[in-house]
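# Fold and contact review
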Amino acid sequence: MQQTGPTVRPASFADVPALVELRLANAKAHLALDPDVGSALLDAADRWATEHGISNLSAGIHHRNASAVRFYRRHGDAPSGTSWIRRPAD
């Protein structure tokens, strides 16, 4: 019997170009989003959080993504804490 559908496996160094292409396509899709849609999603998230007793919401954005930073600041978000990343030695 032949396997159909995607195969899940750990990424390898050879996958880097395809992963970069996927990330860039994702970024382009985000840039094309209507900001009013994003605002509506944040409003819905705020309502849901309030209804469920959630006091903090977070967004994982990169500090160099100026458009995202402006968007979230415009909605009252502010930086909180520090994210750390480690790159493996070559």
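Below: a short report on this structure. On a predicted model such as this, the values are computed, not experimentally measured, just so you know. (Residues numbered from 1 in each chain as written. Predicted model: local features only at pLDDT ≥ 70, side-chain atom pairs only at ≥ 80, totals over all residues. Heavy atoms only, no water.)

On inspection of all chains with the given rule, the structure shows one salt bridge. Where aspartate 15 meets arginine 9, a salt bridge forms, and the shortest distance between an N and an O atom there is 2.8 Å. The exposure class of aspartate 15 is buried, given its relative accessible area of 16%. By relative accessible area, arginine 9 is classed as exposed at 51%. (Salt bridge = Lys/Arg side-chain N within 4 Å of Asp/Glu carboxyl O. Buried < 20%, exposed > 50% of the residue type's maximum accessible area, 1.4 Å probe, protein only.)

With that settled, the discussion passes to helix H3 (residues 66-74). For H3, the full list of buried residues reads Ala68, Val69 and Phe71. Looking down the long axis of H3, one finds its buried residues gathered within 165° of arc, a one-sided arrangement. Exposed residues on H3 whose side chains face more than 90 degrees from its buried face are Arg70, Arg73 and Arg74. Downstream of H3 by one or two residues, glycine 76 has phi in the positive range, about 90°. (Helix = DSSP H or I, 4+ residues; strand = E, 2+ residues; numbered from the N terminus. Arc of directions from axis to C-beta.)

Next up on the list: the packing of aromatic side chains. Taken as a whole and assessed by the stated rule, the structure comprises one aromatic pair. Where phenylalanine 71 meets tyrosine 72, the ring centres are 5.2 Å apart and the plane angle is 85°; that geometry is what we call edge-to-face. Residue classification places phenylalanine 71 among the buried positions, given a relative accessible area of 12%. (Phe/Tyr/Trp six-rings, centres within 6.5 Å; stacked < 30°, edge-to-face > 60°.)

With that settled, the discussion passes to the side chain of aspartate 15. By the element assignment, aspartate 15 lies in the segment before helix H1 (16-32). Within polar-contact distance, the side chain of aspartate 15 engages the side chain of arginine 9 at 2.8 Å. There is a polar contact of 2.7 Å between the side chain of aspartate 15 and the backbone nitrogen of serine 12. (Polar contact = N/O pair within 3.5 Å; in protein donor to acceptor, adjacent residues only side chain to side chain.)

Let us look at the environment of serine 39. Mapped onto the elements, serine 39 comes out in helix H2 (residues 35-51). The class of serine 39 is buried, set by a relative accessible area of 16%. Separated by 27 residues in the primary sequence, serine 39 and serine 12 have C-alpha atoms spaced 37 Å apart. When residues no more than four places from it in sequence are discounted, the contact partners of serine 39 are Phe71 and His75. (Contact = heavy atoms within 4.5 Å.)

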